Amino acid sequence: MILFKKSEEIRKYLETAAINGKKAGFVPTMGALHAGHISLLNEAKKDKNLTIASIFVNPTQFNDPADFQKYPITIEKDLQLLEANGCDILFLPSVSEIYPEGIKNNRHYDLGYLETVLEGEFRPGHFQGVCLVVHRLLEIIKPDSLYMGQKDYQQCMVIRRLLQITGLDQSIQLQISPTLRESNGLAMSSRNTRLSEEEKIIAGIIYETLSYVKNNLNKSELNELKRKGTEKLIANGLEPDYVEIADANNLQLVDQWNGKQPLVALIAAFLGQVRLIDNLILTDSK
Ligand code: AMP
């Protein structure tokens, strides 16, 4: 694996690779890598790409400074994991490399409705920060394919929109991979390293709740289901920001279901100081 810290150097290398007919598959991450990240890398490898991962804990996407300070960093382990899994290139930039003009948000992306609901509502400014960093990384890497996880369902929709509004959708394919989970259903996440062993067991209730919603989905009224889901989380000591059901294509919240609209259930909840998110498509075959 080749490690680059400077954008100019990785750009030069990838330009030569592209001239030699190599396709670039890009997996952006914030590090503290786990099997979920590696599944994205494996997808990129399956597509016969030169695989490029990045590790950058992006300061502009943290609406809560304490969350940024406590974000897990396990760089030695990450390097080993990437190497062992056949990653070709790692981009490990500094903050000044990504934000040469400083980290003041100077560009605004028109994300419309997407920025006003769910994570957009509870983490103001978060998606602007995500767009800033992903846009900058895409300008540096210029990948043919971009690999992201359904674990961050709304983020995938935001990035699809980013690609559209920047015209990058003409050259970059967004590939979305399923969520990898622990044996109790807990979605793998870098933030799980901040949970105790006991909390990891408790946190399985998030997936259990999503599955409960899926298994009890009925035509018409959905509010009762959301209320029961919220109660389940609270009864297990979690503090939910939301338990929602939305149109899987546009994230419009749904209270009354016609039996046809594709649906996704989404949860964000605190367990102690740690905020966890997860989602489940409700309308695919069981
Ligand atoms: P992060 O390092 O948390 O910013 O995540 C980097 C990428 O990995 C994002 O596209 C995430 O959606 C994806 N990812 C995170 N957790 C998982 C998971 N459990 N399964 C699959 N992909 C994931």
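Worth saying up front: this structure is predicted, and the values here are computed from it rather than measured.

## Topic: the overall build of the protein chain
Okay, step 1: Regarding its fold elements, the protein chain presents eleven helices and eleven strands.
Okay, step 2: In summary, the protein chain has a C-alpha radius of gyration of 19 Å against a globular reference of 19 Å for 286 residues, a match within 12%.
Okay, step 3: In terms of its C-alpha atoms, the protein chain occupies a principal-axis envelope of roughly 55 × 40 × 40 Å.
Okay, step 4: Going through the 286 residues of the protein chain one by one, you find that 51% of them count as buried.
Okay, step 5: Counted over contacts in the protein chain with a minimum sequence separation of 6, partners at least 24 positions apart contribute 73%.
Okay, step 6: Just so you have it, the protein chain exposes about 13700 Å², and 49% of that area is on carbon and sulfur atoms.
Okay, step 7: Side chains of the protein chain give 32 positive and 36 negative charges; the mean places of these two sets differ by 3 Å.

## Details of the pattern of salt bridges
Okay, step 1: If you walk through the whole model with that rule in mind, you get 18 salt bridges.
Okay, step 2: Close ionic contact of D67 with R123 constitutes a salt bridge, the shortest N to O distance being 3.8 Å. Of this pair, D67 sits in helix 3 (residues 65–69) while R123 is found in the loop between helix 6 (119–122) and helix 7 (126–141), placing the two residues 56 residues apart along the sequence. Here D67 matches R123 in class, with each residue buried.
Okay, step 3: E224 is the partner of R227 in a salt bridge, and the nearest nitrogen-oxygen pair spans 2.7 Å. Taken together, the residues R227 and E224, both in helix 11 (residues 223–235) and three residues apart, mark about one turn of the helix.
Okay, step 4: Linked through salt bridges whose partners overlap, the residues forming this network are D67, R123, R191 and R194.

## Structural notes on the site of the ligand
Okay, step 1: Of all residues adjacent to the ligand, which total 16 residues, the nearest are M30, H37, D152, L180 and M188.
Okay, step 2: A distance of 2.9 Å separates an oxygen atom of the ligand from a polar atom in the side chain of H37.
Okay, step 3: At a separation of 3.0 Å, an oxygen atom of the ligand approaches a polar backbone atom of G149.
Okay, step 4: Bound to the protein, the ligand loses 92% of the 490 Å² it would expose on its own.
Okay, step 5: Sorting the residues of the shell around the ligand by element identifies strand 2 (24–29), helix 2 (35–46) and strand 5 (145–149) as the ones contributing at least two each.
Okay, step 6: At three residues, helix 2 tops the list of elements feeding residues into the shell around the ligand.

## A closer look at the sheet that holds strand 10 (residues 263–271)
Okay, step 1: Overall, antiparallel pairing links the three strands, which are arranged 8-10-11 in an open sheet. Every interior strand has two partners, whereas the edge strands, strand 8 (239–247) and strand 11 (274–281), have only one. Across the sheet, the axes of successive neighbouring strands diverge by a mean angle of 10°, strand direction being ignored.
Okay, step 2: Across eight bridges, strand 10 lies against strand 11 in antiparallel orientation. Bridging from a neighbouring strand, L266 pairs with N279 of strand 11.
Okay, step 3: Seen against the sheet, helix 10 (residues 205–215) touches strand 8, strand 10 and strand 11 and runs at an angle of roughly 30° to strand 11.

The rules we used
Residues numbered from 1 in each chain as written. Predicted model: local features only at pLDDT ≥ 70, side-chain atom pairs only at ≥ 80, totals over all residues. Heavy atoms only, no water. Helix = DSSP H or I, 4+ residues; strand = E, 2+ residues; numbered from the N terminus. Rg over C-alpha atoms; globule rule 2.2 N^0.38 Å. Buried < 20%, exposed > 50% of the residue type's maximum accessible area, 1.4 Å probe, protein only. Contact = heavy atoms within 4.5 Å. Areas by Shrake-Rupley, 256 points an atom, 1.4 Å probe, with all protein chains shown as cover. Lys, Arg positive; Asp, Glu negative; His and termini not counted. Charge placed at Lys NZ, Arg CZ, Asp CG, Glu CD. Salt bridge = Lys/Arg side-chain N within 4 Å of Asp/Glu carboxyl O. Near = heavy atom within 4 Å. Polar contact = N/O pair within 3.5 Å; in protein donor to acceptor, adjacent residues only side chain to side chain. Pairing = 2+ DSSP bridges. Axes fitted to C-alpha atoms, helices over the stretch in contact; angles between N-to-C directions.

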